[in-house]
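These are the residues of each chain, in order.
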Amino acid sequence: MMSVNAYLSRLQLAPVAVHDKAPAPAERLLRSGAGSADTAPAPAATPIAEVRAAVNVGSLVSFVDGLDAQSKDDVLDSLQLAQRAASGAHDRFAEVQVWYEKYLEVLNQVGWVTEQFAFVADQQSEGELRMDQAALAVIMAIATQNQLAILKEAVSALESLASTDHTISLFSQMSAREGAGNFQMGAAQQAANGAVSLAMGAFHFQSQDQTSKILFFKRATKALQIWSAAQRMTFNPASYADVRAQIREMLGEQRRQAIAALKLG
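Only a predicted model underlies this, so the values are computations on that prediction, with no experimental measurement involved.

*Asks:* Quick rundown of the overall build of the chain? Include the residues and the values.
*Replies:* The helix and strand inventory of the chain stands at nine helices and 11 strands. Burial statistics for the chain: of 265 residues in total, 54% are counted as buried. Considering only intrachain contacts with a sequence separation of at least 6, the fraction spanning at least 24 residues in the chain is 75%. Within the structure as shown, the chain displays about 11500 Å² of accessible surface, and the carbon and sulfur contribution to it stands at 50%.

Okay, here's the thing in structure tokens:
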């Protein structure tokens, strides 16, 4: 049986390449998304202990109060690894089913207990739909009250950003391409025994239009097809500790480019 370390060594990670619409702020471990990149000075780095939400490649991840700094780092790194490994093996937008199979395979290897996402097509046939509202409605069924509250704050913070902000550029470029999209939204919460639970929603769509703010643009439902899935996932920090250093080395310097902290109100 292949060890986890050997499994990880065979993964090919997709690179992170974000082209900002405005001059990018100085490189930092986590970049705050407050203000417009056109006029605001580069914000100071946000210490991981203070991060309450972040864009992480094509995911929006939020943290319920009480999650320790190491667990936040582990959640962000493991989710980034799974996304980049899945994209290294399959096209995120054209091969969605096998992309998610690889995504979950990687998470299971590094300490997450997951099940296969069961995607359901949206049944709304007329009127307008906004992606963030549809996504939150899906996650509502599995999230605790605290998880849902912090995720709503994160969505509102993302919506408030200027379209030129680096955080919006990161999320839109990593999660959508030419009218196709594939993104995740989740909220992590830590139990007294140290285990972390994540209420995660996964979404992919096909649209006839394009916009930089993919979550907040109202679309006629006849011009949009959306599939969604949600599940509760559990993280074992003790299992992850054995591969933490290897994963951080694999993510390399591009880890910084793939994570942008959100400032919540």
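There is more to say after this.
*Asks:* Mind laying out the packing of helix 2 (residues 69-89) against helix 3 (residues 96-109), listing which residues take part and the relevant values?
*Replies:* Running from N to C, helix 2 and helix 3 cross one another at 140°; their axes reach a closest spacing of 8 Å. One finds that helix 2 runs oblique with respect to helix 3. Once helix 2 is placed against helix 3, the crossing between them reads as right-handed. For the pair formed by helix 2 and helix 3, the contact residues are S78, L79, L81, A82, Q83, A85, A86, S87 and A89 on the first element and W99, K102, Y103, V106 and L107 on the second. Per-class residue counts for the contact of helix 2 with helix 3 are 10 nonpolar, three polar and one charged.

*Asks:* Just give me the short version of helix 3, but keep the residues and values in it.
*Replies:* Its 14 residues give helix 3 an end-to-end C-alpha distance of 20 Å, which sits within 8% of 20 Å, the value for a rise of 1.5 Å per residue. All of the buried residues along helix 3 are V96, W99, Y100, K102, Y103, L104, V106 and L107. The elements touched by buried residues of helix 3 are helix 1 (4-9), helix 2, strand 3 (112-113), strand 7 (180-190), strand 8 (196-207) and strand 10 (224-235). Downstream of helix 3 by one or two residues, G111 has phi in the positive range, about 125°.

*Asks:* Go over the environment of K72 with me, naming the residues and quoting the values.
*Replies:* For K72, the position within the fold is in helix 2. Residue K72 is classed as buried on the basis of its relative accessible area, which comes to 5%. As a C-alpha pair, K72 and V61 span 11 residues in sequence and 9.7 Å in three-dimensional space. Here K72 is in contact with I48, A49, E50, V51, F63 and L67, once residues within four sequence places are set aside.

*Asks:* If you had to explain the nonpolar core to someone new, which residues and values would you point to?
*Replies:* Counting residues in each nonpolar core, the largest one holds 42 residues, and the members touching the most others are L60, L158, F183, M185, F205, L215 and L262. Of all the elements in the fold, those that place two or more residues in this core are strand 1 (53-56), helix 4 (131-139), helix 5 (145-159), helix 6 (166-175), strand 7, strand 8 and strand 10. With seven residues, the single largest contributor to this core is helix 5. Among all residues touching M185, those that are not within four sequence positions of it are L60, A135, L136, I139, L151, V155, A199, M200, G201, F203 and L215. A54, A82, A188 and M233 belong to the second-largest nonpolar core, a separate cluster that totals 40 residues.

*Asks:* So, the packing of aromatic side chains: which residues are in play, and what are the values?
*Replies:* If you walk through the whole model with that rule in mind, you get 10 aromatic pairs. Their ring planes at 70° and their centres at 6.0 Å tell us that F171 and F183 sit as a pair that is edge-to-face. Residue F171 is located in helix 6, and its partner F183 is located in strand 7; the two are separated by 12 residues in the primary sequence. With respect to burial, F171 and F183 carry one shared label: buried. An aromatic cluster is defined as three or more aromatic residues linked by ring pairs; in this entry it consists of W99, Y100, Y103, F117 and F119.

*Asks:* Summarise the pattern of salt bridges; cite the residues concerned and give the values.
*Replies:* For the coordinates displayed, the defined rule picks out 12 salt bridges. A salt bridge links R52 to D65, with the shortest nitrogen-to-oxygen separation between them at 3.9 Å. Note that R52 is positioned in the loop between helix 1 and strand 1 and D65 in the loop between strand 2 (59-63) and helix 2, a separation of 13 residues in sequence. Residue D65 is classed as exposed on the basis of its relative accessible area, which comes to 64%. As a salt-bridge pair, K102 and E105 come within 3.0 Å of each other at their nearest N and O atoms. With a gap of three residues between them, K102 and E105 both fall in helix 3, about one helical turn apart. The class of E105 is partly exposed, set by a relative accessible area of 33%. One continuous salt-bridge network, built from bridges that share partners, spans D73, D77, R248 and R255.

*Asks:* Any details on the packing of helix 2 against helix 8 (residues 244-251)? Residues and values, ideally.
*Replies:* Put simply, helix 2 and helix 8 touch, their axes get as near as 10 Å, and they point 55° apart. Between helix 2 and helix 8, the angle falls in the class oblique. Note that helix 2 runs across helix 8; the crossing there is left-handed. Here helix 2 contributes Q70, D73, D74, D77, Q80, L81 and R84 to the contact with helix 8, which in turn contributes R244, I247, R248, M250 and L251. Residues of the contact of helix 2 with helix 8, tallied by class, amount to four nonpolar, two polar and six charged.

Rules used in this analysis
- Residues numbered from 1 in each chain as written.
- Predicted model: local features only at pLDDT ≥ 70, side-chain atom pairs only at ≥ 80, totals over all residues.
- Heavy atoms only, no water.
- Helix = DSSP H or I, 4+ residues; strand = E, 2+ residues; numbered from the N terminus.
- Buried < 20%, exposed > 50% of the residue type's maximum accessible area, 1.4 Å probe, protein only.
- Contact = heavy atoms within 4.5 Å.
- Areas by Shrake-Rupley, 256 points an atom, 1.4 Å probe, with all protein chains shown as cover.
- Axes fitted to C-alpha atoms, helices over the stretch in contact; angles between N-to-C directions.
- Parallel < 35°, antiparallel > 145°, perpendicular 65-115°, else oblique.
- Left-handed = near helix turned anticlockwise from the far one by under 90°.
- Nonpolar A, V, L, I, M, F, W, Y, C, P; charged D, E, K, R; others polar.
- Expected span 1.5 Å × (residues − 1).
- Core = buried A, V, L, I, M, F, W, Y, C linked by side-chain atoms within 4.5 Å.
- Phe/Tyr/Trp six-rings, centres within 6.5 Å; stacked < 30°, edge-to-face > 60°.
- Salt bridge = Lys/Arg side-chain N within 4 Å of Asp/Glu carboxyl O.

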